[in-house]
Number of protein chains: 2
Amino acid sequence: MAQKPSIPKGTRDFGPAEMAGRNYIFDTIRSVFRTYGYAPIETPSMENLSTLLGKYGDEGDKLLFRILNSGDAFSHINYNDFKVDGTEDCYNSKALSLKVCEKGLRYDLTVPFARYVVQHQNEISFPFKRFQIQPVWRADRPQKGRYREFYQCDVDVIGSKSLLNELELVQMVDRVFTLFDVRVCIKINNRKILTGMAEICGFPEKVVDITVAIDKIDKIGLEAVEAEMIQNGLTQEAVEAIRPVLQLSGTTSEKIAVMRDLMGGKSASGIVSETGLKGLDELEELFSLIDAADISHEVEIDLSLARGLNYYTGAIFEVKAKDFAIGSICGGGRYDNLTGIFGLPDMSGVGISFGADRIYDVLKGLDKFPSEVTSSTRLLFANMGEAELRYLIPVARALRERGIACEIYPESSKLKKQFDYADKKTIPFISINGETEVSESKVNIKNLSTGVQSSFDKNDIDGVLAFLA
Amino acid sequence: MAQKPSIPKGTRDFGPAEMAGRNYIFDTIRSVFRTYGYAPIETPSMENLSTLLGKYGDEGDKLLFRILNSGDAFSHINYNDFKVDGTEDCYNSKALSLKVCEKGLRYDLTVPFARYVVQHQNEISFPFKRFQIQPVWRADRPQKGRYREFYQCDVDVIGSKSLLNELELVQMVDRVFTLFDVRVCIKINNRKILTGMAEICGFPEKVVDITVAIDKIDKIGLEAVEAEMIQNGLTQEAVEAIRPVLQLSGTTSEKIAVMRDLMGGKSASGIVSETGLKGLDELEELFSLIDAADISHEVEIDLSLARGLNYYTGAIFEVKAKDFAIGSICGGGRYDNLTGIFGLPDMSGVGISFGADRIYDVLKGLDKFPSEVTSSTRLLFANMGEAELRYLIPVARALRERGIACEIYPESSKLKKQFDYADKKTIPFISINGETEVSESKVNIKNLSTGVQSSFDKNDIDGVLAFLA
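Residues numbered from 1 in each chain as written. Chains lettered and ligands numbered in written order. Predicted model: local features only at pLDDT ≥ 70, side-chain atom pairs only at ≥ 80, totals over all residues. Heavy atoms only, no water.

Caption draft 1: View of the overall build of chain A. In terms of regular secondary structure, chain A is built from 18 helices and 16 strands. Dimensions along the principal axes, computed over C-alpha positions, put chain A at roughly 95 × 70 × 45 Å. For chain A, with 469 residues in total, the buried portion stands at 57%. Within chain A, residue pairs in contact and separated by at least 24 positions form 66% of the contacts whose partners lie at least 6 positions apart. Carbon and sulfur atoms make up 47% of the accessible area of chain A, which totals about 19400 Å². (Helix = DSSP H or I, 4+ residues; strand = E, 2+ residues; numbered from the N terminus. Buried < 20%, exposed > 50% of the residue type's maximum accessible area, 1.4 Å probe, protein only. Contact = heavy atoms within 4.5 Å. Areas by Shrake-Rupley, 256 points an atom, 1.4 Å probe, with all protein chains shown as cover.)

Written out as structure tokens, the structure is:
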């Protein structure tokens, strides 16, 4: 029954080398989360479909991976129940799939987190600071850089409206990319300002159209953006009210000052947007906190940031690498009513998600993985036969108990083969000990890259450690 | 659209406290695996059903969670293709489910590992030492201690027949439970000896019946075991040939000596079992290596160990906690042909799996989780208002960059509320700083369990670290 084995399209195996890089990323991010008092949680891979359906729009519902209730789910089905009236062999596929599938694989970590908070609200002490690093699944068409299974790495605090939380997200991003030695730009927007822009235009219902158009300004230029807005039903007057925002320049406080004038009634329309002014207050306070925190990376206002328009209500974040062309590598924002869908209203939260796959590509592309990440085993003891093997077992054990990863080659094969093994695993030190070393209670160790060799008493573990360091 | 949220039966949420315990277990096990030169891999959660089906027996096939190809998989179905001949509305459910489901969630880590080795054989340098810590899914009826989603924690080496590998598994178990401070007994058997026992009885085909009967000897006694074997079709003579094995006592070498006589033709049947003798050679060599390695925990031969009879071909392992009543907490063995099912024959391997859920119960039951595992945030800075907050941001940052997990309470709420938060999160230190501290550039810190309080210059991070240690 030999088969040619393969894995489903859009999924991946991670071998030891990729795992080393991925673990470096996750461990670094996790360690930063922890220093800010965020604690890990995990939720099940499968959620009830009732938890997932309707949370990601119609398109999202189609991208949910549904799980058959059991291997023989179909034998319990009465197909007549699903027959479309007046047909002979036509069945209601949506109803049929809901009958045989009650569970689905999680699509993101946000909805399960909201579900978790509501379900466990009596055990949680708010503000609740959690992070979650787990895979999610989407039945998307697989293509380059888009997978059907991938890890998300989310950090959120829920139950606090303080902008200190926004600051700490910025600080965590700052620290993570300092540790990665990657230059980034942290872009910040505020949903209330986007609402304000639509309001001062006189088209509050067109906030999405307006934002989508503005988002293109770098690519297509001011005139084309204005043309698009008019095509979308805005008047010339509305476009003029908004124009100064599109031409914004200068420092953060200069930008805020211009916008404050516009939202305050000094635009072409003369309309005042209270929401827009509130957004500016938030942005101003956040930037004042950012000043106090001495952030190492570039932080800037970007009014074209338009992610999560359906649920973000305050700050919107996005992070881009400065020296590597790839989309955003982190993103997030504040949501005022995430848990409302599960019956717990008025829980404001803010969070950010790190894109592990893209960060991996950035670190690899910029050659930023530390060299110790790629090597695993530090020392290979060659296997010279039964007596030598028994001699080495306690030596290897002592090194391992001091944290050194070492291996004894399991067979007494030709030395060439054993060296090849060390070479392929990029093991930097080898130890070859024959009858002489055994009789003299010595251990010989050679640095394979420098060629330097040294001999130690077999109990001189400190000496060996120093040589391997 | 408020819903009462819940999760599917047999699945679990892990909150911060459980995660801390689980991470302690995984981190400890992982660190030991690494010192022995084992490297991590990860495989996709979903495998093609063709990879999974038929690998776990008929019962296992039923327990696979199948994944619908897409949300609207049913709309592409021509039901006539699945109609059972001569019926009007009866469909072949097995064929129908294979049509709409091509993928399934992995059932264990062993089959995906075999698939991985075959698929990537040209990239791997053998012997290949890998560990894998990932969830698996089984559509079992949920019950106490049995989950539909649970982590497995497997360590295997493939491509080496050396018994040094068996020794290293024993050493890793020994080290892990030393680090956990839990006394265990490591039980070892060998499939070839079980085969040998059936052979010297004259009933080589009854190896499973014989083993199952022997397994009960502690519970039901010698006579009842012999009666069961006779009920299973063994003759009185066969039972007598095997009796000395059931009465085995003394040291490991005494036990091996008695069995060597029996397998060598000195049993009541006079039959010689070459396979049995081979198994004794292996067991003897392994115990000689174990002697050389100075194992801290109890290691014993247990001929009643009968796990994995369908695939294990050499050593069989099982680990039990000595001071806590629970089933086996680790198990494994050697398999000579795991990758044969995927077209790569003659790849011998040996591995062991740590039962994380049971180990969690043992550590919890014996109160063996180190106290630092349960606490996360070390220090809470109370929030006394805007000016104090800005003063504290750089102090908190400096501590975090030195690895201290600290939080600034996000709102300037009443102190009572802030203390409650510290209490619920079991944060051991609190820092309250008002106008005076700010003007004097001081930071006050109080140890909440001893009541000891101290004041530091805000730049004296070393002093603060020492106080928090």
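Caption draft 2: How the structure looks around the relation of the copies chain A and chain B. When chain A is brought onto chain B, the operation consists of a screw motion whose angular component is 180° and whose axial shift is 0.0 Å, with 0.1 Å RMSD remaining. What the rotation and shift describe, once combined, is the action of a two-fold rotation axis. Within chain A, Ile67(A) has its C-alpha nearest the rotation axis, a separation of 2.3 Å. Interface overlap between copies is the fraction of interface residues in one copy that are interface residues in the other; for chain A against chain B it reaches 100%, indicating a shared surface. (Least-squares fit on C-alpha atoms with pLDDT ≥ 70 in both.)

Caption draft 3: The arrangement of the interface of chain A and chain B in detail. In this complex, chain A contributes 111 residues to the contact, which on the side of chain B involves 111 residues. Here chain A meets chain B over a buried area of about 9300 Å², counting both sides, of which 56% is carbon and sulfur. It is Glu42(A), Arg397(A) and Arg400(A) in chain A that bury the most area against chain B; as a group they hold 7% of the surface buried on that side. Joining chain A to chain B, the criterion identifies 8 salt bridges. With its nearest N and O atoms 3.7 Å apart, the salt bridge here joins Arg175(A) to Glu401(B). Counting across the chain A and chain B interface gives 38 residue pairs in polar contact (both at pLDDT 80 or more). Broken down by element, the residue count for the side of chain A that touches chain B peaks at 8 residues, all from helix 15 (residues 386–401) of chain A. (Buried area = accessible area lost by both parts, 1.4 Å probe. Salt bridge = Lys/Arg side-chain N within 4 Å of Asp/Glu carboxyl O. Polar contact = N/O pair within 3.5 Å; in protein donor to acceptor, adjacent residues only side chain to side chain.)

Caption draft 4: Spatial organisation of the state of the cysteines. Using the criterion set out here, one finds 0 disulfides over all chains in the structure. Of the cysteine sulfurs around Cys330(A), a residue in no disulfide, the closest is that of Cys153(A), at 8.3 Å. On the accessibility criterion, Cys330(A) (2% relative accessible area) is buried. Between Cys185(B), a free cysteine, and Cys330(B), which holds the nearest cysteine sulfur, the sulfur-to-sulfur gap is 12 Å. (Disulfide = S-S within 2.5 Å.)

Caption draft 5: Molecular detail of the confidence of the model for chain A. All names here are of chain A. Summarising the model, chain A shows a mean pLDDT of 92, and 97% of its residues fall at 70 or more. Within chain A, helix 4 (residues 93–100) has the poorest average pLDDT of any element, 74, and helix 6 (residues 164–180) the best, 98. Across the whole predicted complex the pTM is 0.93, and at the interface the ipTM reaches 0.92. (pLDDT = per-residue confidence, 0-100.)

Caption draft 6: Spatial organisation of the nonpolar core. Membership of the largest hydrophobic core comes to 275 residues, with the highest contact counts inside it found for Phe177(A), Phe354(A), Phe177(B) and Phe354(B). In this structure Phe354(B) touches Ile29(B), Phe33(B), Cys153(B), Val155(B), Val173(B), Val176(B), Phe177(B), Ile329(B), Cys330(B) and Ile359(B), once residues within four positions along its chain are discounted. Formed by 12 residues, the second largest nonpolar core is a distinct cluster that contains Phe65(A), Trp137(A), Met46(B) and Ala139(B). (Core = buried A, V, L, I, M, F, W, Y, C linked by side-chain atoms within 4.5 Å.)

Caption draft 7: Region of interest: the pattern of salt bridges. Under the counting rule described, the total for this entry stands at 58 salt bridges over all chains. Residue Arg146(A) is joined to Asp140(A) by a salt bridge in which the shortest nitrogen-to-oxygen separation is 3.7 Å. For Arg146(A), a relative accessible area of 37% corresponds to the partly exposed category. Judged by its relative accessible area of 17%, Asp140(A) is buried. Between Asp323(B) and Arg183(B) there is a salt bridge whose closest N-O contact spans 3.0 Å. With Asp323(B) in the loop between strand 9 (315–321) and strand 10 (330–335) and Arg183(B) in the loop between helix 6 (164–180) and strand 7 (184–190), the pair connects residues that are 140 residues apart, well separated along the chain.

Caption draft 8: The arrangement of the pairing of strand 15 (residues 442–447) of chain B in detail. All names here are of chain B. Here 2 bridges tie strand 14 (residues 429–431) to strand 15, and the two strands are oriented antiparallel to one another. Along strand 15, the bridge assignment pairs Ile430 with Lys446. As consecutive antiparallel partners, strand 15 and strand 16 (residues 453–457) are separated by 5 residues, and within that stretch Gly451 has a phi angle of approximately 80°, a positive value. (Pairing = 2+ DSSP bridges.)

Caption draft 9: The side chain of Ser431(B), seen in detail. Residue and element names in this part refer to chain B. By the element assignment, Ser431 lies in strand 14. Judged by relative accessible area, which is 0%, Ser431 ranks as buried. A distance of 2.8 Å separates polar atoms of two side chains, one belonging to Ser431 and the other to Asn433. Excluding residues that lie within four positions of it along the chain, Ser431 makes contacts with Leu379, Leu380, Phe381, Ala382, Val443, Asn444 and Ile445.

Caption draft 10: Just the packing of helix 1 (residues 16–35) of chain B against helix 6 of chain B, in detail. Residues and elements named next belong to chain B. Between helix 1 and helix 6, the least distance of the axes is 10 Å, while the angle of their chain directions is 140°. By the criterion of interaxial angle, the relationship of helix 1 to helix 6 is oblique. At the point where helix 1 passes helix 6, the crossing takes the right-handed sense. Between helix 1, through Tyr24, Ile25, Thr28, Ile29, Val32 and Phe33, and helix 6, the contact on the second element is made entirely by Met172, Arg175, Val176, Leu179 and Phe180. When its residues are assigned to classes, the contact of helix 1 with helix 6 shows 9 nonpolar, 1 polar and 1 charged. (Axes fitted to C-alpha atoms, helices over the stretch in contact; angles between N-to-C directions. Parallel < 35°, antiparallel > 145°, perpendicular 65-115°, else oblique. Left-handed = near helix turned anticlockwise from the far one by under 90°. Nonpolar A, V, L, I, M, F, W, Y, C, P; charged D, E, K, R; others polar.)

Caption draft 11: Up close: the packing of helix 11 (residues 252–266) of chain A against helix 12 (residues 274–293) of chain A. Residue and element names in this part refer to chain A. Running from amino to carboxyl end, helix 11 crosses helix 12 at an angle of 165°, the nearest separation of the two axes being 9 Å. Compared by their axis directions, helix 11 and helix 12 come out roughly antiparallel. Of the two elements, helix 11 crosses helix 12, and the hand of that crossing is left-handed. Contacts from Thr252, Ile256, Met259, Arg260, Met263 and Gly264 in helix 11 reach Gly276, Leu277, Leu280, Asp281, Leu283, Glu284 and Phe287 in helix 12. Tallied by class, the residues present in the contact of helix 11 with helix 12 amount to 7 nonpolar, 3 polar and 3 charged.

Caption draft 12: Representation of the packing of aromatic side chains in the model. Counting across every chain of the model gives 30 aromatic pairs over all chains. Summarising the aromatic geometry, the rings of Tyr116(A) and Phe128(A) are spaced 6.2 Å apart at their centres and angled 10° between planes, so their arrangement reads as stacked. Residue Tyr116(A) is found in helix 5 (residues 110–119), and its partner Phe128(A) is found in strand 5 (residues 128–137); the two are separated by 12 residues along the sequence. With respect to burial, Tyr116(A) and Phe128(A) carry one shared label: buried. Considering the side-chain rings of Phe177(B) and Phe180(B), the 5.8 Å spacing of their centres and the 70° angle between planes classify their relative orientation as edge-to-face. With Phe177(B) and Phe180(B) both in helix 6, this residue pair falls 3 residues apart, about one helical turn. (Phe/Tyr/Trp six-rings, centres within 6.5 Å; stacked < 30°, edge-to-face > 60°.)

Caption draft 13: Up close: helix 16 (residues 415–424) of chain A. By the burial criterion, the buried members of helix 16 of chain A are Gln418(A), Tyr421(A) and Ala422(A). Projected down its long axis, helix 16 of chain A shows its buried positions confined to an angular sector of 95°, all on one face. In helix 16 of chain A, the exposed positions that point more than 90 degrees away from the buried face belong to Lys416(A), Asp423(A) and Lys424(A). In the core, the buried residues of helix 16 of chain A are packed alongside strand 12 (379–381) and strand 13 (406–408) of chain A together with strand 5 (128–137) of chain B. Backbone geometry just downstream of helix 16 of chain A places Thr426(A) in the positive-phi region, at approximately 45°. (Arc of directions from axis to C-beta.)

Caption draft 14: Geometry of the sheet that holds strand 14 of chain B. Residues and elements named next belong to chain B. As summarised here, the arrangement of the 5 strands in space is 13-12-14-15-16, forming an open sheet in which the pairing is mixed. A strand with exactly one partner marks an edge of an open sheet, and here the two such strands are strand 13 (406–408) and strand 16. Averaged over all adjacent pairs, the angle separating strand axes in this sheet is 25°, with direction ignored. Sheet strands touched by helix 15 (residues 386–401): strand 12 (379–381), strand 13 and strand 15. Its angle to strand 13, the strand with the most contacts, is close to 165°.

Caption draft 15: Structural context of the environment of Leu68(A). Inspection of the secondary structure assignment puts Leu68(A) in strand 3 (residues 66–68). On the basis of relative accessibility, which here comes to 0%, the residue Leu68(A) falls in the buried class. Sequence spacing of Leu68(A) and Ile256(A) is 188 residues, and the spatial spacing of their C-alpha atoms is 53 Å. Setting aside chain neighbours within four positions, we find Leu68(A) in contact with Ala73(A), Phe74(A), Val100(A), Cys101(A), Phe65(B), Arg66(B), Leu68(B), Ser97(B) and Cys101(B).

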